[in-house]
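Okay, here's what each chain looks like letter by letter:
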Amino acid sequence: MLKKHTTQILIFTLLSLFFSINSFSQKNIYAGIEIGRRAIKTSVVEINNIKKADYTILHFSNERINLAEHISTYGELPQDDINKTSNIVLNQLREIRAKFKIPEENIFIVAAPAFSSARNIDVLRNRISTLTSKSFDIINVDEEAKILVKGAIPPVDYSNALLLDIGAQTTKGGYIDEIGDNRLEFIPLELDFGTMTLTDAVKKTVVNQSQANDMSTYQEKAFDFNPILRKKIKQLLDANPLLLKKEKIYLSGGAVWAFSALYYDENTKDHYISFTLEDVMNYDAILKNNFGKFTTYAKTNKEAARVLTTYDQRYLISANNILVTCLESIPNLEKKKIYFVKDGQVTWLMSYIADRSKKVNTNF
């Protein structure tokens, strides 16, 4: 009888320990839903070590819906967009709540800066709150660069790294300066050229606009435009001499994603992909002189196909011109380490997690 009772106690203890461990593990799982300009993205991550940005992506979904275009056209969100968006958010929340048992305080919802200009944004906010009991933040455009830096650079490298995100409209990012007494200062960086704005600027230099879409003409004009691009980047670097002391360079955005997806013919699970200027230059040569290699590759590689669906050759050339020029402009580049921040979709979520961690100083 005593043996049977002891066995029951042991089983109960083991079960309690199992459920205790399982419950504890959920505290390290976080979810984020991003209501973006053209899609709603849902991510679930398990944090192993926030200081080293060691995490595992447990879930990711991406539902396309072109919201920013309607805000630009009407100055507000049409009711159909409000209904679709709130239903997508509701369904995504139901799925991840059921599957991952995430604590509510670990679930965050954000909207892109473009939503701040929608006159009726409170209608969407109230609708989502009614359906899900969750509200959402609109990312402040002035805070966007800081969020990128917090979430893209591993916190252990905050003081020794810089980030540049090559976007469609601009290239932005920044670095963190230590100012003593465990105090940090964020220094933003911004270049008023991005993939699409540089492409548009180059096209405008074509005298005969009927030739603006001719690839040989575009490449010639893009080459002629490079001195202007180099001058802008030099001004950025000259205004921020401290960033030249940083030993690590983290790069994100569509330009670097395109390079990584088209140039490397392997799928890596690493969150940070190391590369060199030589890699980028080799990719540049193929991009400009043997583009058919990439179109052939895209027939058998889904990620490469996504790149070519997103960008045509002109945009890819502009994107890489920015990437090459930025890297070439940094002195002693051969002594630095360069990384592509692969999981750009979770950058803002990692920033939110870092802000709430007692192990990371994000007071900058």
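Since we're looking at a predicted model, the values are computed, not measured. (Residues numbered from 1 in each chain as written. Predicted model: local features only at pLDDT ≥ 70, side-chain atom pairs only at ≥ 80, totals over all residues. Heavy atoms only, no water.)

Quick one: what's the story with the overall build of the protein, residue by residue and with numbers?
Across its full length, the protein carries 13 helices and 11 strands. Dimensions along the principal axes, computed over C-alpha positions, put the protein at roughly 95 × 50 × 45 Å. For the protein, contacts bridging at least 24 residues in sequence account for 69% of all contacts bridging at least 6. Total accessible area computed for the protein in this model is approximately 19,000 Å², and 50% of it derives from carbon and sulfur atoms. When the 46 positive and 42 negative side-chain charges of the protein are each reduced to one mean point, those points stand 5 Å apart. (Helix = DSSP H or I, 4+ residues; strand = E, 2+ residues; numbered from the N terminus. Contact = heavy atoms within 4.5 Å. Areas by Shrake-Rupley, 256 points an atom, 1.4 Å probe, with all protein chains shown as cover. Lys, Arg positive; Asp, Glu negative; His and termini not counted. Charge placed at Lys NZ, Arg CZ, Asp CG, Glu CD.)

Please provide a residue-by-residue account of the environment of Ile121, values included.
By secondary structure assignment, the location of Ile121 is in helix H4 (residues 121-132). Ile121 sits in the buried class, given a relative accessible area of 9%. In this structure the C-alpha to C-alpha distance between Ile121 and Glu76, which are 45 residues apart in sequence, comes to 7.3 Å. Beyond its immediate stretch of four places on either side in the chain, Ile121 contacts Leu77, Phe115, Phe136 and Ile138. (Buried < 20%, exposed > 50% of the residue type's maximum accessible area, 1.4 Å probe, protein only.)

Before we move on, could you go through the sheet that holds strand E3 (residues 54-64) and cite the residues and values that matter?
Strands sit in the order E3-E2-E1-E4-E5 across an open sheet of five strands; the sheet is mixed. On the outer flanks of this sheet lie E3 and strand E5 (137-138), each paired with one strand and no other. In the sheet, strand E1 (residues 29-35) pairs with strand E4 (residues 107-111) via five bridges, with the strands oriented parallel. Its bridge partner lying in E4, Ile33 is registered against Ile109. (Pairing = 2+ DSSP bridges.)

Report on the packing of helix H8 (residues 254-263) against helix H12 (residues 313-328), specifying residues and quantitative values.
Two elements in contact, H8 and H12, have axes separated by 9 Å at closest approach and are oriented at 105°. With respect to H12, the axis of H8 lies roughly perpendicular. Contacts between H8 and H12 involve Ala255, Ala258, Phe259 and Leu262 from the first element and Leu316, Ala319, Asn320 and Leu323 from the second. In terms of residue class, the contact of H8 with H12 is made up of seven nonpolar, one polar and no charged. (Axes fitted to C-alpha atoms, helices over the stretch in contact; angles between N-to-C directions. Parallel < 35°, antiparallel > 145°, perpendicular 65-115°, else oblique. Nonpolar A, V, L, I, M, F, W, Y, C, P; charged D, E, K, R; others polar.)

Account for the side chain of Ser252, naming residues and giving values.
Here Ser252 is to be found in strand E9 (residues 248-253). Judged by its relative accessible area of 5%, Ser252 falls in the buried class. Polar contacts involving the side chain of Ser252 include one to the side chain of Asp165, which spans 2.5 Å. In this structure, Ser252 is in contact with Leu163, Leu164, Asp165, Ile166 and Val341, ignoring residues within four places of it in sequence. (Polar contact = N/O pair within 3.5 Å; in protein donor to acceptor, adjacent residues only side chain to side chain.)

Mind laying out the nonpolar core, listing which residues take part and the relevant values?
Within the largest apolar cluster, 55 residues are counted, with the highest numbers of intra-cluster contacts made by Leu251, Phe275 and Leu316. With nine residues, the top contributor of residues to this core is H12. Beyond its immediate sequence surroundings of up to four residues, Phe275 is in contact with Leu251, Val256, Phe259, Tyr264, Val280, Leu327, Ile338, Tyr339 and Phe340. Grouped together as the second largest cluster of nonpolar side chains are 34 residues, Leu148, Val346, Leu349 and Ala354 included. (Core = buried A, V, L, I, M, F, W, Y, C linked by side-chain atoms within 4.5 Å.)

Requested: an account of the pairing of strand E8 (residues 184-191), with residues and values cited.
As paired strands, strand E7 (residues 171-178) and E8 are joined by eight bridges and run antiparallel to one another. Across the sheet, Tyr175 pairs through a bridge with Ile187, a residue of E8. Adjacent in sequence and paired antiparallel, E7 and E8 are bridged by five residues, among which Gly180 carries a positive phi angle near 95°.

Before we move on, could you go through the environment of Phe100 and cite the residues and values that matter?
Its place among the elements puts Phe100 in helix H3 (residues 79-100). C-alpha separation for the pair Phe100 and Leu58, spaced 42 residues apart in sequence, amounts to 9.1 Å.

With reference to specific residues and values, describe the pattern of salt bridges.
Throughout the structure, instances matching the rule amount to 13 salt bridges. Across the pair Glu104 and Lys134 runs a salt bridge, and its minimum N-O distance is 3.8 Å. Of this pair, Glu104 sits in the loop between H3 and E4 while Lys134 sits in the loop between H4 and E5, placing them 30 residues apart in sequence. Judged by relative accessible area, which is 35%, Glu104 ranks as partly exposed. Assessed through its relative accessible area of 12%, Lys134 is described here as buried. Here the salt bridges do not stand alone but share partners, grouping Arg97, Glu104 and Lys134 into one network. (Salt bridge = Lys/Arg side-chain N within 4 Å of Asp/Glu carboxyl O.)

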